[in-house]
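Coordinates in review
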Amino acid sequence: MNFSACGRELSAVSLSDSDREALAAAVRRLENPSLAGRLAAAAGKPVGLVQRTLPATASAAVARLAKQALERALEVALFSLRNRSLGGGRILHSGLACTSGAIGGAFGLATLAVELPVSTTIMLRAIAAIAQQEGEDLADPRTGLACLEVFALGGPTADETGAETDYFAVRAMLARGLVEIADFTIDKGAIGESAPFLARFVTQIAARLGVVVSEKVAAQAVAVLGAVGGAAVNLAFIEHFQDVASGHFTVRRLERVYGAEVVRGEYDQLKSGFAAAA
């Protein structure tokens, strides 16, 4: 076998024009998240100032509730999405999120314990529908876990030390947990204390989602139209995660076709090109 010839063939693999356009759109969605701007528009003023004034007790409550919502979402992802055809598209799921957000906007932080799990489940189903459209098998537990990854990928663009956390950096952070879970025989009894790696995986995602939920809570606190403002904030919230999901599952689809290394190389080139043009 001529290994050098094989190497040249692999290096010559390139994306089709349509797939490269799809990847370019994915890079824009994944590397330039627009949630802060969407929330500011929904609230009618910058929410960052309000977020910084949230009391420590409120921030701790948000972090705890985000983790609880993800634990429920994990069960949905692994057991309730299997062998389903998810219809309705973005319009249906966005409408459901608006309804849920109206409750939070009308009654405030006190209802977050009820509203957040509902919103998270709605978003998870929206994410799963996008995954299915991109050729993912919802019967495969790894697809459900990839759906949960979106909640981390839609988090802040920098970690607690200020270092940038791009798309592939977040995927690398979660990779170990994904492998551990995929290698485990998943059943109802695996969730909770009997599977510490599941808890660790959820905790990693919750740490990033909690920051985004704090932004949402802040936006709902300053939205000037009560229930209407809460609905607008939740619409911004779900649209953000649907955009991230679209980018994530586009990358995964292309990786299945061309291989992870080829897609990563194209991704990095596009990302550098966008940065240079900015």
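In case you missed it, the structure is sitting above this.
Everything in this summary refers to the structure shown in the same document. These numbers were taken from a predicted model, which means no experiment stands behind them. (Residues numbered from 1 in each chain as written. Predicted model: local features only at pLDDT ≥ 70, side-chain atom pairs only at ≥ 80, totals over all residues. Heavy atoms only, no water.)

Side note on the overall build of the protein
A tally of helices and strands in the protein yields 12 helices and zero strands. Tracing the protein from N to C terminus, the helices and strands come up as α-α-α-α-α-α-α-α-α-α-α-α. Buried positions account for 45% of the 278 residues belonging to the protein. Put simply, 82% of the contacts in the protein that link residues at least 6 apart link residues at least 24 apart. (Helix = DSSP H or I, 4+ residues; strand = E, 2+ residues; numbered from the N terminus. Buried < 20%, exposed > 50% of the residue type's maximum accessible area, 1.4 Å probe, protein only. Contact = heavy atoms within 4.5 Å.)

A closer look at the packing of helix α5 (residues 56-80) against helix α8 (residues 141-153)
Where α5 contacts α8, the axes come no closer than 8 Å and their chain directions differ by 150 degrees. Judged by the inter-axis angle, α5 sits roughly antiparallel to α8. Note that α5 runs across α8; the crossing there is right-handed. Contacts between α5 and α8 involve Leu70, Ala73, Leu74, Ala77 and Leu78 on the former and, on the latter, Pro141, Gly144, Leu145, Leu148 and Phe151. (Axes fitted to C-alpha atoms, helices over the stretch in contact; angles between N-to-C directions. Parallel < 35°, antiparallel > 145°, perpendicular 65-115°, else oblique. Left-handed = near helix turned anticlockwise from the far one by under 90°.)

A short note on helix α12 (residues 260-277)
Taking 1.5 Å of rise per residue, 18 residues should cover 26 Å, and α12 covers 26 Å from first to last C-alpha, within 8% of that figure. For α12, every residue scored as buried is listed here: Val262, Val263, Glu266, Tyr267 and Leu270. The buried residues of α12 all sit within an arc of 130 degrees when viewed along its axis, so they share a single face. Opposite the packed face of α12, turned more than 90 degrees from it, sit the exposed residues Glu261, Gln269, Ala275 and Ala276. (Expected span 1.5 Å × (residues − 1). Arc of directions from axis to C-beta.)

Some thoughts on the nonpolar core
Ranked by internal contacts, the top residues of the largest apolar core, which has 70 residues, are Leu23, Leu124, Leu148, Phe151, Phe249 and Val251. With near-sequence residues (within four places) excluded, leucine 23 lies in contact with Leu15, Thr250, Val251, Leu254, Val263, Glu266, Tyr267 and Leu270. (Core = buried A, V, L, I, M, F, W, Y, C linked by side-chain atoms within 4.5 Å.)

Focus on the packing of aromatic side chains
Tallied over the full model, the rule gives five aromatic pairs. Judged by centre distance (5.5 Å) and plane angle (55 degrees), the rings of phenylalanine 151 and phenylalanine 241 are tilted. Of this pair, phenylalanine 151 sits in helix α8 while phenylalanine 241 sits in helix α11 (residues 227-258), and the two are 90 residues apart along the sequence. Each member of the pair, phenylalanine 151 as well as phenylalanine 241, carries the same accessibility label: buried. Joined through ring pairs, the aromatic side chains of Phe151, Phe237 and Phe241 make up one cluster. Between arginine 264 and the ring centre of phenylalanine 168, over which it is positioned, the NZ or CZ distance is 4.2 Å. (Phe/Tyr/Trp six-rings, centres within 6.5 Å; stacked < 30°, edge-to-face > 60°. Lys NZ or Arg CZ within 6 Å of the ring centre and 35° of its normal.)

Topic: the side chain of threonine 250
Positionally, threonine 250 belongs in helix α11. Judged by its relative accessible area of 4%, threonine 250 is buried.

Things to note about the environment of alanine 58
Within the element layout of this structure, alanine 58 appears in helix α5. For the pair alanine 58 and serine 214, spaced 156 residues apart in the sequence, the C-alpha separation amounts to 8.8 Å.

Regarding the environment of isoleucine 130
You can see isoleucine 130 is positioned in helix α7 (residues 112-133). The exposure class assigned to isoleucine 130 is buried, which follows from its relative accessible area of 7%. Along the sequence, isoleucine 130 and aspartate 243 sit 113 residues apart, while their C-alpha atoms lie 9.6 Å from each other.

Here we look at the pattern of salt bridges
Scanning the entire structure with this criterion turns up 11 salt bridges. Arginine 253 serves as the salt-bridge partner of glutamate 134, at 2.5 Å between the closest nitrogen and oxygen. With a gap of 119 residues between them, glutamate 134 in the loop between α7 and α8 and arginine 253 in helix α11 connect regions that are remote in the sequence. Accessibility expressed as a relative area gives 17% for glutamate 134, which makes it buried. Through salt bridges with shared partners, a single ionic network connects Asp19, Glu134 and Arg253. (Salt bridge = Lys/Arg side-chain N within 4 Å of Asp/Glu carboxyl O.)

Some details on α5
Relative to the 36 Å expected for 25 residues at 1.5 Å per residue, α5 spans 35 Å between its end C-alpha atoms, a close match to the ideal helical length. All buried positions along α5 are accounted for by Ala58, Ala61, Val62, Leu65, Ala66, Ala69, Leu70, Ala73, Leu74, Val76, Ala77 and Leu78.

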